[in-house]
Amino acid sequence: MADGQTRMNTDIRRFGAEAMARAGGLIGEGQPVAVPTETVYGLAADARNPQAVARIYAAKGRPDFNPLIVHVPDLAAAEKLGVFGAVERVLAEAFWPGPLTLVVPRTEDCPVASIATAGLDTIALRVPGHRAMQALLTETGAPLAAPSANASGRVSPTKAEHVLASLDGRIALVIDDGPTTAGVESTIARVKDGAVEILRPGPVTTDMLAESSGLAVAGIKGSEIVAPGMLASHYAPGKPVRLGAVDFADDEYGIGFGAVAGDYDLSAAGDLTEAAARLFDALHAGAASAKAKIAVAAIPVEGLGAAINDRLARAAV
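Below: a short report on this structure. Model, not experiment: these values are computed from the prediction. (Residues numbered from 1 in each chain as written. Predicted model: local features only at pLDDT ≥ 70, side-chain atom pairs only at ≥ 80, totals over all residues. Heavy atoms only, no water.)

In this section: the sheet that holds strand β15 (residues 293-297). One open sheet accounts for four strands, arranged β12-β15-β13-β14; its pairing is parallel. Each having just a single partner strand, β12 (241-245) and β14 (264-265) make up the two edges of the open sheet. With three bridges connecting them, β12 and β15 associate as parallel partners. Bridge pairing links R242 to A295 in β15. Lying on the sheet, helix α9 (residues 305-316) is in contact with β12 and β15; it crosses β12 at an angle near 140 degrees. (Pairing = 2+ DSSP bridges. Helix = DSSP H or I, 4+ residues; strand = E, 2+ residues; numbered from the N terminus. Contact = heavy atoms within 4.5 Å. Axes fitted to C-alpha atoms, helices over the stretch in contact; angles between N-to-C directions.)

Now the structure itself:
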């Protein structure tokens, strides 16, 4: 391949016992496997194995200063890897399993390879709610580092075919369990200075975090990369992207919302949950279209709209 990586055959298998056994075997051999979560498809490997994690970076072409989320089956497993204070524990119990990632200090004896946390003294942890990722955690008995299963900077995958769009020939296996439900990556948060800081918006909203924690919730201050998904340019479809469109030019692939109809409508009813679930599929469709540009109708910023607008802003950089 152009970057020197050896091309391999990429197998696609429907979710089931046989597929999970195959996936577990590959992960035991140090190979990454694409598997769905409730947010997007992830590229999973044993987080304790530095060579396996390096293969995630190689397959994605991912910058090595960008840390990965480590997935575990439950809070008890998470507490073996990270140090949880009272507020982090409250948030974990409220939203796990589910689309919330918590950034906490690594434990002194944390077995996760430093390459998975980009050398930071913190670790990003999540308990996924999807049956396929939970089955893979059970099959392997390992904490699984798993960023989105796409080439770095490209549109995140919500279907197995999206994974193939950029990783075909780069990984050995894709577990296909249909489209994901949340459609955007998990919210990433940390507790700092008596407040909850959102490092990346997602399905768990500001209001939800505030209600559960009883603390003020704010966005991150500064530009340091302390968690996954914080690069300014990300989710790029390979074409210019115009946001806030009220109509579409002839050379633009229109992504509509509400009353603004397009070639692909995120939600004609103006439903933000439906729009989030369809967002990356729409960007993939726009990337594959014959039109030279993409334009997206305005999306409200409240609730889940904050996560949608965050991803669109990065796609447009």
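Structure's up, so let's keep going.
As a further point, take helix α5 (residues 131-140). Buried within α5 we find A132, M133, L136 and L137. Angular distribution of buried residues about the axis of α5 spans 140 degrees; they occupy a single face of the element. Pointing more than 90 degrees away from the buried face of α5 are the exposed residues R131 and T138. Buried residues along α5 sit against α1 (17-28), β2 (33-36), β3 (41-46), β4 (69-71) and β7 (144-145). Looking one or two residues beyond α5, the residue adopting positive phi is G141, at roughly 65 degrees. (Buried < 20%, exposed > 50% of the residue type's maximum accessible area, 1.4 Å probe, protein only. Arc of directions from axis to C-beta.)

With five of its six residues buried, strand β5 (residues 100-105) lies for the most part within the structure. Bridge count between β5 and strand β9 (residues 187-192): three bridges; the pairing is parallel. When the sheet's bridge partners are listed, L100 is paired in β9 with T187. Bridge analysis of β5 against strand β6 (residues 122-126) gives four bridges, and the strand direction is antiparallel. Across the sheet, residue L102 finds its bridge partner in β6, namely L125.

Every second residue of β2 is oriented toward a common face, with V33 and V35 on one face and A34 and P36 on the other, all of them buried. Relative to β3, β2 is paired through four bridges, and the arrangement is antiparallel. Paired with P36 across the two strands is Y41, which belongs to β3.

Here we come to the environment of G178. Relative to the helices and strands, G178 is located in the loop between β8 (173-176) and β9. Given a relative accessible area of 15%, G178 falls into the buried group. In the structure, G178 is positioned 113 residues away from K291 in sequence and 27 Å away in space, judged by C-alpha atoms. Setting aside residues up to four positions removed in sequence, G178 forms contacts with R14, Y41 and T158.

Next up on the list: the nonpolar core. In summary, soluble globular proteins display a tendency toward joint burial of nonpolar side chains. In terms of nonpolar packing, the biggest core is built from 44 residues, with F84, W96, L100, L125 and L209 touching the most fellow members. Residue assignment for this core shows that the elements contributing at least two residues are β3, α2 (50-60), α3 (75-78), α4 (86-95), β5, β6, α6 (160-167) and β10 (195-200). Leave out the neighbours within four places in its chain, and F84 touches L75, A78, E79, R89, A92, W96, L102, V104 and L125. Within the second largest apolar cluster, 25 residues are counted, among which are A275, L279, L283 and A307. (Core = buried A, V, L, I, M, F, W, Y, C linked by side-chain atoms within 4.5 Å.)

Under the defined criterion, the tally for this structure stands at one aromatic pair. For the ring pair F84 and W96, a centre distance of 5.9 Å and an interplane angle of 70 degrees mean the geometry is edge-to-face. Of this pair, F84 sits in the loop between α3 and α4 while W96 sits in the loop between α4 and β5, and the two are twelve residues apart along the sequence. The exposure class of F84 is buried, given its relative accessible area of 8%. Accessibility expressed as a relative area gives 11% for W96, which makes it buried. (Phe/Tyr/Trp six-rings, centres within 6.5 Å; stacked < 30°, edge-to-face > 60°.)

For D176, the position within the fold is in strand β8. Judged by relative accessible area, D176 falls into the buried class, the value being 17%. Ignoring anything within four residues of it in the chain, the contact list for D176 reads I12, R13, R14, F15, Y41 and A160.

Okay, the packing of α1 against α5 next. Any two packed helices are characterised by how steeply their axes cross, that is the angle between the axes, and by the distance between the axes. The interhelical angle for the contact between α1 and α5, taken along N-to-C directions, is 55 degrees, at an axis separation of 9 Å. One way to sum up the angle between α1 and α5 is to call them oblique. Taken as a pair, α1 and α5 cross one another with a handedness that is right-handed. Contacts from M20, A21, A23, G24 and I27 of α1 reach α5 at A132, A135, L136, E139 and T140. Residues that form the contact of α1 with α5 fall into these classes: seven nonpolar, two polar and one charged. (Parallel < 35°, antiparallel > 145°, perpendicular 65-115°, else oblique. Left-handed = near helix turned anticlockwise from the far one by under 90°. Nonpolar A, V, L, I, M, F, W, Y, C, P; charged D, E, K, R; others polar.)

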